[in-house]
Amino acid sequence: MRILVCEDQDAIRHMIETLVSASGHSVTGVALGAKAVELALSETYDVLLLDLMLPGALDGFEVCQRVRAAPSTRDLPIFIISAMDDPESKKRAMDAGATAFYGKPFRPLELLGEINRLA
């Protein structure tokens with residue numbers, strides 16, 4: 001599977017990339033929401049792992065909405081991984097089109113299991 005990871009914190013992004021690639025998946029990691037939208041719309045991915053608090057013009061909520069709005073990515077599974085795990089943020093993420101929500105700190109093996117169920 002091809003997985004796109006959008007996480008601005010380098011250490012967390014690298015940890016997720018290592019976890020997912022060690023399981024045999026192809027991973028592309030980016031730090032900005034605008035780059036995630038650009039790649040999601042121009043290439044084919046099987047899953048988007050997305051943080052909500054991102055620097056720049058697009059936060060994770062906006063990324064989710066833009067990915068959902070495009071016909072080519074309307075059905076792309078989007079897993080939110082965020083420290084913003086309060087009920088309001090979870091609801092906003094799900095309303096924006098998120099498939100699943102993982103609060104930080106998250107359980108890497110649980111996330112990997114969810115990804116592998118999609119394969």
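Residues numbered from 1 in each chain as written. Predicted model: local features only at pLDDT ≥ 70, side-chain atom pairs only at ≥ 80, totals over all residues. Heavy atoms only, no water.

Visitor: What exactly am I supposed to notice about helix H4 (residues 87-96) here?
Guide: Since the α-helix turns once every 3.6 residues, residues separated by three or four places project in the same direction. When H4 is considered as a whole, its buried residues turn out to be Ser89, Ala93 and Ala96. End-on, the buried residues of H4 take up no more than an arc of 65°, which puts them together on one face. Among the exposed residues of H4, those oriented more than 90 degrees off its buried face are Pro87, Glu88, Lys91 and Asp95. Where H4 terminates, the next one or two residues include Gly97, which has phi positive at roughly 120°. (Buried < 20%, exposed > 50% of the residue type's maximum accessible area, 1.4 Å probe, protein only. Helix = DSSP H or I, 4+ residues; strand = E, 2+ residues; numbered from the N terminus. Arc of directions from axis to C-beta.)

Visitor: Looking at this structure, how should I read unusual backbone geometry?
Guide: In this structure, Pro105 follows Lys104 across a cis peptide bond, with omega equal to -5°. Residue placement: Pro105 occurs in the loop between strand E5 (100-103) and helix H5 (108-118).

Visitor: I tried to follow the packing of aromatic side chains on my own but got confused; where do I start?
Guide: Two aromatic rings, taken as a pair, are described by how far apart their centres are and by the angle between their planes. All told, the structure shown has 1 aromatic pair when counted by the stated rule. Aromatic side chains Phe79 and Tyr102 sit 6.3 Å apart centroid to centroid with 65° between the ring planes, which places their arrangement in the edge-to-face category. Of the two residues, Phe79 sits in strand E4 (residues 78-82) while Tyr102 sits in strand E5, which places them 23 residues apart along the sequence. Assessed through its relative accessible area of 0%, Phe79 is described here as buried. One Lys or Arg, Arg2, reaches over the ring of Tyr45 and ends 4.4 Å from the middle of that ring. (Phe/Tyr/Trp six-rings, centres within 6.5 Å; stacked < 30°, edge-to-face > 60°. Lys NZ or Arg CZ within 6 Å of the ring centre and 35° of its normal.)

Visitor: Explanation requested: the pattern of salt bridges in the structure shown.
Guide: Where side chains of opposite charge bring their charged atoms close, a pairing between them can arise. Counted under the stated rule, the structure contains 10 salt bridges. The salt bridge partner of Lys91 is Asp95, with a shortest N-O separation of 2.7 Å. Taken together, the positions of Lys91 and Asp95, both in helix H4 and 4 residues apart, correspond to about one turn of that helix. Taken individually, Lys91 and Asp95 each receive the classification exposed, so the pair is uniform in this respect. The structure contains a network of salt bridges with shared partners spanning Glu7, Asp51 and Lys104. (Salt bridge = Lys/Arg side-chain N within 4 Å of Asp/Glu carboxyl O.)

Visitor: Explanation requested: the packing of helix H2 (residues 33-42) against helix H3 (residues 60-69) in the structure shown.
Guide: Helix packing for two helices is described by the angle between their axes and how far apart those axes are. Interaxial distance between H2 and H3 falls to 9 Å at its minimum, and their mutual angle equals 15°. With respect to H3, the axis of H2 lies roughly parallel. Every pair of crossing elements has a handedness; the one defined by H2 and H3 is right-handed. Contacts from Gly33, Ala36, Val37 and Ala40 of H2 reach H3 at Val63, Arg66 and Val67. (Axes fitted to C-alpha atoms, helices over the stretch in contact; angles between N-to-C directions. Parallel < 35°, antiparallel > 145°, perpendicular 65-115°, else oblique. Left-handed = near helix turned anticlockwise from the far one by under 90°. Contact = heavy atoms within 4.5 Å.)

Visitor: Got a minute to help me understand the nonpolar core in this structure?
Guide: Taken as a class, soluble globular proteins show a tendency for nonpolar side chains to be buried jointly. With 24 residues, the main nonpolar core has Leu4, Leu48, Leu50, Val63 and Ile80 as its most contacted residues. Looking at this core, the elements that each hand over two or more residues are strand E1 (2-6), H2, strand E3 (47-50), H3, E4 and H4. What Leu48 contacts, discounting residues up to four positions off in sequence, is Leu4, Val63, Val67, Leu76, Pro77, Ile78 and Phe79. (Core = buried A, V, L, I, M, F, W, Y, C linked by side-chain atoms within 4.5 Å.)

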